[in-house]
Amino acid sequence: MFDQLTDPALYTPTAIYRNAVPIISVRNLSLYYGAKQALRNVSFDLYAGEILAFIGPSGCGKSTALKCLNRMHDDTPGVRVEGEIIMHGENIYSPKIDPPVHRRRFGWVAQKPNPFAASIYENVAYGARIHGVVRNRRDMQAHVEACLRRAHLWDEVKDHLHDKSGHDLSGGQQQRLCIARALSTKPEVLLMDEPTGSIDPVATAKIEDLMLELSDDHAVVIITHSMMQARRIADRVAYFHLGELRELSLTADMFEHAQESDARAFVAGDFG
Ligand SMILES: Nc1ncnc2c1ncn2[C@@H]1O[C@H](COP(=O)(O)OP(=O)(O)OP(=O)(O)O)[C@@H](O)[C@H]1O
């Protein structure tokens, strides 16, 4: 569908070895907030089973790029998007795409855990119910349990599914509940915007383990300000700078010999 990109950095050995077809292909994506251009000709592929980390200095466009994938900007006034995002052979901005159906392919995890003010059970069941993923009550119970087990939270909450609110949990537990909630609609892709940015190191380690497990059957895109975290969990790393995707490399390549000078300086900690 596309001309091959000329920049080999976007076709890393990971992809070549897997001989895989990307789940998502982003091509020449530009985004404007009114007159302000926040993304400039961004192109990359996302593959099943990988963790792709977005890194870069504050304000370089990481969140903007992440939100494009599930069309989270649709309701932001003054936003204009150019370029293409192809998922399953279809441009996600085509009129044929139903935005709510498209969004269901994604699970979203925010920096600050944001469970609903509802029971633990309802936090997980709600999305599955409104999207028709599970229809009857018995199946829902099994589904809620499976999502909580997958998020490594079941043992800690199984006796309080209905009498504790999501807000009664610790920060790390709340974030795992939000991951269970994100899983409840059976997404293909998990989008995580600094998911460990507001929790302690022990809780962070649990969530990192979880992300690695979840990448077995989801593509995961994570924004992180922690270079250590990107090194620990990412398969590939995308370096953004002033709205441009300057380099996309295998994680070891990015940290050991980034090609682009700003990327090299950033991962070395020369600026932030
Ligand atoms: N809703 C908005 N309206 C106007 N400008 C915005 C909006 N959201 C983001 N921006 C601007 O777009 C640019 C990119 O922002 P974005 O949040 O994508 O960066 P980021 O790399 O995720 O930053 P951070 O690491 O600080 O979260 C910034 O200059 C930001 O001020």
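Not measured: the values here are computed from a predicted model.

A. View of the site of the ligand. In the vicinity of the ligand, the contacting residues are Tyr33, Lys36, Ala38, Pro57, Ser58, Gly59, Cys60, Gly61, Lys62, Ser63, Thr64 and His225. Separating an oxygen atom of the ligand from a backbone N or O atom of Gly61 is a distance of 3.0 Å. The separation between an oxygen atom of the ligand and a polar side-chain atom of His225 is 3.0 Å. Taken by itself the ligand offers 630 Å² of open surface, and the protein chains cover 62% of this. Considering every element that reaches the shell around the ligand, the biggest residue donor is helix α2 (residues 62-69), with three residues.

B. Just the UniProt feature "domain: ABC transporter" (unreviewed entry) in the protein chain, in detail. Per the UniProt record, "domain: ABC transporter" (unreviewed entry) is annotated on residues 24-267. Along residues 24-267 the backbone is 37% helical and 26% strand, and the end-to-end C-alpha distance reaches 26 Å.

C. Fine view of the domain arrangement of the protein chain. Examined at the domain level, the protein chain breaks down into domain 1 (1-105 + 188-272) and domain 2 (115-185). The centre of domain 1, based on its C-alpha atoms, is set 27 Å off from the matching centre of domain 2. Domain 1 puts 13 residues into the contact, and the matching count from domain 2 is twelve residues. For the pair domain 1 and domain 2, the two sides together bury roughly 1200 Å², of which 63% comes from carbon and sulfur. Our count for the domain 1 to domain 2 interface comes out at one salt bridge. Two residues, Asp217 and Arg150, come together in a salt bridge whose shortest N-O distance is 3.1 Å. For the interface between domain 1 and domain 2, the tally reads three residue pairs in polar contact (both at pLDDT 80 or more). Those elements giving two or more residues to the side of domain 1 that touches domain 2 turn out to be β7 (189-193) and α8 (201-214). Among the elements that take part in the side of domain 1 that touches domain 2, α8 stands out by supplying six residues, more than any other.

Rules used throughout
Residues numbered from 1 in each chain as written. Predicted model: local features only at pLDDT ≥ 70, side-chain atom pairs only at ≥ 80, totals over all residues. Heavy atoms only, no water. Near = heavy atom within 4 Å. Polar contact = N/O pair within 3.5 Å; in protein donor to acceptor, adjacent residues only side chain to side chain. Areas by Shrake-Rupley, 256 points an atom, 1.4 Å probe, with all protein chains shown as cover. Helix = DSSP H or I, 4+ residues; strand = E, 2+ residues; numbered from the N terminus. UniProt positions renumbered as here; feature names shortened; annotations may be inferred. Domains from an automatic or database assignment. Contact = heavy atoms within 4.5 Å. Buried area = accessible area lost by both parts, 1.4 Å probe. Salt bridge = Lys/Arg side-chain N within 4 Å of Asp/Glu carboxyl O.

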